[in-house]
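Tertiary structure, described
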Amino acid sequence: MKLDEYFEEYRKTLAAEFEGAFPRDMASCIAAGYYAGLSVEKMHVFMVRRAEISSVSVALANQNTSPADIEKIIQARKAGKIYPADILRHAFEPQEVKEDLRKEVFDDKNA
């Protein structure tokens, strides 16, 4: 399978219709999966897991994400938290979240 075919096979695994080029961060991950020999199915699992982590880590104050932070995210998801704000409230202290997001995340603790 060629790279463009791999992209098209991956596109078919998406739950929504998607046309055109992928955003660069997704495209680079898909290409890396192709060159690493991941099946399209494994690539799909990889991208889902990546999104589960990055959707939360992007809100953290630290520019770098540690294995400990990732474990907090994973454990919060295992505890039934789905939405990033719920995970942030469950697993992190306010000072660990970007300052401009703290009020939005932590002022509504009962959400």
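Here the structure is a predicted model, which means the values were calculated and not measured.

Here we take up the packing of aromatic side chains. Any pair of aromatic rings gets described here by the distance separating the centres and the angle formed by the planes. Counted under the stated rule, the structure contains four aromatic pairs. Aromatic side chains Y10 and F22 sit 6.0 Å apart centroid to centroid with 55° between the ring planes, which places their arrangement in the tilted category. You can see Y10 sitting in helix 1 (residues 3–12) and its partner F22 sitting in the loop between helix 1 and helix 2 (24–36), a full 12 residues away along the chain. The exposure class of F22 is buried, given its relative accessible area of 9%. Feature note: the residues Y6, Y34 and Y35 constitute an aromatic cluster, connected by ring pairs.

This part covers the pattern of salt bridges. Inspection of the entire model under this criterion finds seven salt bridges. Linking E9 and K12 is a salt bridge whose minimum nitrogen-to-oxygen distance equals 3.1 Å. Of this pair, E9 and K12 both sit in helix 1, three residues apart, which is roughly one turn of that helix.

Attention now goes to the nonpolar core. Formed by V56, A59, L60, I73, A76, I87, L88, A91, F92, V97, V105 and F106, the largest nonpolar core amounts to 12 residues. Elements represented by at least two residues in this core include exactly helix 4 (67–78), helix 5 (84–91) and helix 6 (99–106). Ranked by residues supplied to this core, first place goes to helix 5 with three residues. V56 has contacts with I73, R77, P84, I87, L88 and F92, leaving out every residue within four places of it along the chain. The next biggest cluster of nonpolar side chains, apart from the first, holds 11 residues, and it includes F7, F22, A31 and M47.

Moving on, we come to the packing of helix 4 against helix 5. At a minimum axis separation of 9 Å, helix 4 and helix 5 run at an interaxial angle of 110°. What the angle tells us is that helix 4 and helix 5 run roughly perpendicular. Crossing of helix 4 over helix 5 shows right-handed handedness. Within the contact between the two elements, helix 4 uses K72, I73, A76 and R77 and helix 5 uses I87, H90 and A91. Class assignment for the residues of the contact of helix 4 with helix 5 results in four nonpolar, one polar and two charged.

Cut-offs used in this document
Residues numbered from 1 in each chain as written. Predicted model: local features only at pLDDT ≥ 70, side-chain atom pairs only at ≥ 80, totals over all residues. Heavy atoms only, no water. Phe/Tyr/Trp six-rings, centres within 6.5 Å; stacked < 30°, edge-to-face > 60°. Helix = DSSP H or I, 4+ residues; strand = E, 2+ residues; numbered from the N terminus. Buried < 20%, exposed > 50% of the residue type's maximum accessible area, 1.4 Å probe, protein only. Salt bridge = Lys/Arg side-chain N within 4 Å of Asp/Glu carboxyl O. Core = buried A, V, L, I, M, F, W, Y, C linked by side-chain atoms within 4.5 Å. Contact = heavy atoms within 4.5 Å. Axes fitted to C-alpha atoms, helices over the stretch in contact; angles between N-to-C directions. Parallel < 35°, antiparallel > 145°, perpendicular 65-115°, else oblique. Left-handed = near helix turned anticlockwise from the far one by under 90°. Nonpolar A, V, L, I, M, F, W, Y, C, P; charged D, E, K, R; others polar.

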